[in-house]
Every structure is written in C-alpha cells, then in structure tokens.
Amino acid sequence: MLLRYSATSPFARKARLGAAVVGAPLDLQLADTVDPNDTLRQQNPLGKVPTLVTDDGECLYDSRVILTYLDQVSGGGRLLPKDPKAMIATLKLQALADGLMDAGVLVLYESRFRAPEKHEDKWLDHQRQKMARAIEALEANPPAIDGNIGMGEISLACALGFLDFRFGGEWRANHPRLVAWQEAFAARCPLFAETAPR
Ligand SMILES: N[C@@H](CCC(=O)N[C@@H](CS)C(=O)NCC(=O)O)C(=O)O
C-alpha cells in the first residue's frame, strides 16, 4: 500500500498512525497538493492528502475511509469497534476532532491563499469559534486515558498535534485533561512522536 501524504498534514498523520496500530506496512510518497502535475490529482480528484493506493491499485480517500479500510483488511474491530454503541462513540469523536482540524485548515488557508487585505475576519472568527467549542467539548469529555486506540483517539491525538504545530500549543494552558490524555497517548503510540510535523 502506498500513502500519498505530506509531513505536515494532520489527516495524513491519522493514516500513518492507523496503519501502525493495525500493523499494516505502508510505503510513503510525498505529494504536492498545489502542483497541478502531481499524480495526486489523478489519484484523488479532490487533490488532497492523505490518499491511499491499495495493493490492487484502488485509490482511497479521505482519512476516514482509509482508516476504515485499514481496519477491515486487518480483520476489523481494531480502529473501529464492532459493538454498535462503541462504534458510534468512536465515529463521533473522530467527527469532532476532524471538524476541529478542518476549521484550523480553513484558518491557515485564508492566509495561504488570500492576500492580507482580503482576509475576512468574520469568516476567520467563525472558524476559530468552532475550534474553541470543539476543544472545550473534548476537555469536558476526553476519551479514557488507557482505552482502546481507535480512529477516534487517533484523530484526537492528531488534532492536538496540529494545534501544537500550527497554533502555538495555546490550547495547553486551559485543557489539563487533554494534556494528560495526549501524553498518555504518546507513551502508548511511539509513532506519534516520530510523525510529529516540523
Ligand atoms: N477530510 C479530509 C481532509 C484532508 C485535508 O484537508 N487535507 C489537506 C492537508 S491537511 C489537503 O490536502 N489540502 C489541499 C487542498 O485542500 O487542496 C480527510 O479526512 O482526509
């Protein structure tokens, strides 16, 4: 399996951690999402990372589909619990952490793709408020510190790592339960440190 990725994408990090958790070997190939000649756009019409090329040559996206695929090919029940209640809780946690990252990516792209005089503060505030509400909700109800490492936990770890990398780790000051949770996650998942963006 080949993962098209970028070293700074928190969504690509999800795919790398998911593969490590289920023990699936993954070849890595950097992708340039702004290069129209990169084959990424043939592999994924959306031109986004992560995109996984399976051993059968099928191209899979996005990170949620990739993690579900990795779970299936490794027998199921590792990244996505089979128990219906636990499955919904995992998917909901993933949706919240992914939504936090989506809002953060939109904030970043405002300065990447628009000149400073065209920045729309109303839009940026709208996205920042989503991020703030998401982090509050996660602090109020973090996953069990020693629970299963599934796609929800992986997404949360990548979201916190993304906040560290792109937003100066400001979240740490007021979210002690998440700080403790992230430390415990890093201790149990060595690839988390290895895949840290820089
Ligand atoms: N929902 C997607 C989000 C992926 C995403 O937003 N990736 C960003 C990098 S962090 C990207 O490829 N951006 C390039 C673009 O939007 O053109 C997933 O879960 O994989």
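Note that the coordinates shown come from a computational prediction; the quantities given were computed from them, not determined experimentally. Per chain, the residues get numbers from 1 upward, laid out in the order the sequence is written. For a predicted model such as this one, the threshold for reporting local features is a pLDDT of at least 70, and the threshold for listing and counting side-chain atom pairs is 80 or more; totals across whole chains, interfaces and linings nevertheless cover every residue. Note: side-chain values were computed over all heavy atoms of the structure, leaving out hydrogens and water.

A. Seen up close, the pattern of salt bridges. Each reported salt bridge corresponds to a side-chain nitrogen of Lys or Arg within 4 Å of a carboxyl oxygen of Asp or Glu. Inspection of the entire model under this criterion finds seven salt bridges. Among the ionic contacts, a cluster of salt bridges with common partners joins Lys14, Asp62, Arg64 and Asp98.

B. Local environment of a nonpolar patch on the surface. Among the surface-exposed residues, Val34, Tyr109 and Phe113 lie close enough to one another that they form a single nonpolar patch of about 320 Å² accessible area. Under the scheme used here, helices are H or I runs from DSSP no shorter than 4 residues and strands are E runs no shorter than 2 residues, and both carry numbers assigned from the N terminus. If you trace the backbone, Val34 turns up in the loop between β2 (27–30) and α2 (40–43). Patches were defined on residues exceeding 30% relative accessible area and lacking a salt bridge, with like-charge contacts within 9 Å and nonpolar side-chain contacts (Val, Leu, Ile, Met, Phe, Trp, Tyr) within 5 Å. For the area figures, the Shrake-Rupley method with a 1.4 Å probe applies, and any residue is considered shielded solely by the protein chains shown.

C. Quick peek at the domain arrangement of the protein chain. Under the domain assignment used here, the protein chain contains domain 1 (2–73) and domain 2 (84–194). Listed by partner, the interface residues are 15 residues for domain 1 and 19 residues for domain 2. Roughly 1,500 Å² is buried in total at the junction of domain 1 and domain 2, and carbon and sulfur atoms are behind 73% of that figure. For the domain 1 face of the interface with domain 2, the top three residues by lost area are Phe11, Arg13 and Leu17, together amounting to 37%. For the pair domain 1 and domain 2, the number of links is two salt bridges. Put simply, Asp98 and Lys14 hold a salt bridge, and the shortest N to O gap is 2.9 Å. Under the rule applied, a polar contact is a pair of N or O atoms within 3.5 Å (in protein, one hydrogen donor and one hydrogen acceptor; residues adjacent in sequence only if both atoms are side-chain atoms). Our count for the domain 1 to domain 2 interface comes out at four residue pairs in polar contact (both at pLDDT 80 or more). All domain edges in this entry derive from an automatic or database-based domain assignment. Between two residues, a contact is recorded if the distance between any of their heavy atoms is within 4.5 Å. A 1.4 Å probe defines the accessible area here, and the buried area is the portion of it lost by two parts on being joined, summed over both.

D. Examining the packing of helix α4 (residues 84–113) against helix α6 (residues 151–166) more closely. Axis definition: a line fit to C-alpha positions, over the contact stretch in the case of helices; interaxial angles, taken between N-to-C directions, run 0 to 180 degrees. At a closest axis distance of 7 Å, the pairing of α4 and α6 adopts a crossing angle of 25°. Taken together, the axis directions place α4 and α6 in an arrangement best described as roughly parallel. α6 is crossed by α4, and the crossing has left-handed handedness. Residue-level inspection shows Thr90, Leu91, Leu93, Gln94, Ala97, Asp98, Leu100, Met101, Gly104, Val105, Leu108 and Arg112 of α4 in contact with α6, the latter providing Met151, Gly152, Glu153, Ser155, Leu156, Cys158, Ala159, Phe162, Leu163 and Arg166. Ten residues, namely Ala, Val, Leu, Ile, Met, Phe, Trp, Tyr, Cys and Pro, are considered nonpolar, four, namely Asp, Glu, Lys and Arg, are considered charged, and the remaining ones, Gly among them, are considered polar. Among the residues forming the contact of α4 with α6, the class breakdown is 13 nonpolar, five polar and four charged. Note on angle classes: values under 35 degrees are labelled roughly parallel, values over 145 roughly antiparallel, values of 65 to 115 roughly perpendicular, and the remainder oblique. For any pair of crossing helices, the crossing counts as left-handed if the nearer helix is rotated counterclockwise from the farther one by less than a right angle, and right-handed if it is rotated clockwise.

E. Main features of the packing of helix α1 (residues 10–22) against α6. Between α1 and α6, whose axes approach to 9 Å, the crossing angle comes to 140°. Overall, the two elements α1 and α6 adopt an arrangement that is oblique. Crossing handedness for the pair α1 and α6: right-handed. Counting all contacts with α1, which are made through Pro10, Arg13, Lys14, Leu17, Gly18 and Val21, the residues of α6 involved are Ile154, Ser155, Cys158, Gly161 and Phe162.

F. Examining the packing of aromatic side chains more closely. Here a Phe, Tyr or Trp ring, Trp counted by its six-membered ring, pairs with any other such ring whose centre lies within 6.5 Å, and the pair is stacked when the planes are under 30 degrees apart, edge-to-face when over 60, and tilted otherwise. Throughout the structure, instances matching the rule amount to four aromatic pairs. With a centroid separation of 5.4 Å and 80° between ring planes, the pair formed by Tyr109 and Phe113 is classed as edge-to-face. Here Phe113 and Tyr109 lie together in helix α4, a separation of four residues that amounts to about one turn. Each residue is placed in one exposure class: buried if its accessible area under a 1.4 Å probe, protein chains only, is under 20% of its type's maximum, exposed if it is over 50%, and partly exposed if it falls in between. Using a relative accessible area of 54% as the deciding quantity, one classes Phe113 as exposed.

G. Local environment of the site of the ligand. Throughout, near means a residue has at least one heavy atom within 4 Å of the molecule or strand. All residues adjacent to the ligand are Ser9, Pro10, Phe11, Thr33, Lys48, Val49, Pro50, Asp62, Ser63, Arg64 and Tyr109. A distance of 2.6 Å separates an oxygen atom of the ligand from a polar side-chain atom of Ser63. Here a nitrogen atom of the ligand and a side-chain polar atom of Tyr109 are 2.8 Å apart. Protein chains bury 84% of the 520 Å² of accessible surface belonging to the ligand in isolation. Of the residues assigned to the shell around the ligand, the class counts are five nonpolar, three polar and three charged.

H. Summary view of the side chain of Ser63. Inspection of the secondary structure assignment puts Ser63 in helix α3 (residues 63–73). Take Ser63: its relative accessible area is 2%, and that puts it in the buried class. If we ignore the near neighbours within four places in the chain, the residues touching Ser63 are Phe11, Lys14, Pro50 and Asp98.

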